[in-house]
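Summary of structural features
Chain by chain, the residues:
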Amino acid sequence: MDNKISTSAEAIEAAILPCVHEVHSDPEAKNGLTEVPEKLQKPVGSKSPARWAYERLIVYIQNFENQLDGEHEIAMGFVGGDAGVLRIEGMGYYDPDIVTFYGSDGAGAKTQLVQHVSQMNVMLRALPKPRQEVPANRIGFRLASDLETEPSPA
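All of these numbers come straight from a predicted model, not from anything done at the bench.

The subject of this paragraph is the pairing of strand β2 (residues 85–94). A large share of β2 lies buried, amounting to 7 of its 10 residues. Bridge count for strand β1 (residues 72–77) against β2 is 3 bridges, and the pairing is antiparallel. Across the sheet, residue glycine 77 finds its bridge partner in β2, namely valine 85. The hairpin turn running from β2 into strand β3 (residues 98–104), its antiparallel successor, is 3 residues long.

Quick look at helix α2 (residues 49–66) now. In this model α2 runs 26 Å from its N-terminal to its C-terminal C-alpha over 18 residues, within 8% of the 26 Å that 1.5 Å per residue would give. Among all positions of α2, only Ala50, Arg51, Trp52, Ala53, Tyr54, Glu55, Leu57, Ile58, Val59, Ile61, Asn63 and Glu65 are buried. Packing partners of the buried residues in α2 comprise β1, β2, β3, β5 (123–128) and α3 (140–146).

Calculation criteria
- In every chain, residue numbers begin from 1 and rise along the written sequence.
- The predicted nature of this model means local features are confined to residues of pLDDT at least 70 and side-chain atom pairs, given and counted, to a pLDDT of 80 or more, with totals for whole chains, interfaces and linings taken over all residues.
- Hydrogens and water are ignored here; the side-chain numbers use all heavy atoms of the structure.
- Accessibility here uses a 1.4 Å probe with only protein chains present; expressed as a share of the type maximum, an area under 20% marks a residue as buried, one over 50% as exposed, and anything in between as partly exposed.
- Each helix corresponds to a stretch of at least 4 residues labelled H or I by DSSP, and each strand to a stretch of at least 2 residues labelled E; elements are numbered beginning at the N terminus.
- A pair of strands is treated as paired once DSSP finds two or more bridges between them.
- Here the expected length of a helix is defined as 1.5 Å per residue gap, with one fewer gap than residues.
- Contacts are residue-level and defined by heavy atoms, with any inter-residue pair within 4.5 Å sufficient.

These figures come from the coordinates and say nothing about function on their own.
Here it is, written out as structure tokens:
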């Protein structure tokens, strides 16, 4: 039992701070998120829906890539239709409510997905890397370094 007493301000702040919780069928599974990274621990209300979605997707992408072997790269599958997959090579947002993904499709064609945050459905997938002689591309660490900088006001 938690006997901690919080002030009204602490209770209100705790109610709007982001949290993460996952349960897996294998109790030893280490593939889920366990905590909100420090850079994302600002109150949700201080960010646009696009920035908030962008930041959380970065965390999921980085976590997914940490589980990949050296022969696979991250891609995203499209929900519905027959659009295939997009090998993720870049990501961005346009305040207040648009997130965009840049990359290439299975045939190597340049591809961009522009998505409204209310329609966001992203399925992360592992694809074999296209060229065996080069190391697997990891976008997650580059995206995570972007979290270190504050967005410039429009």
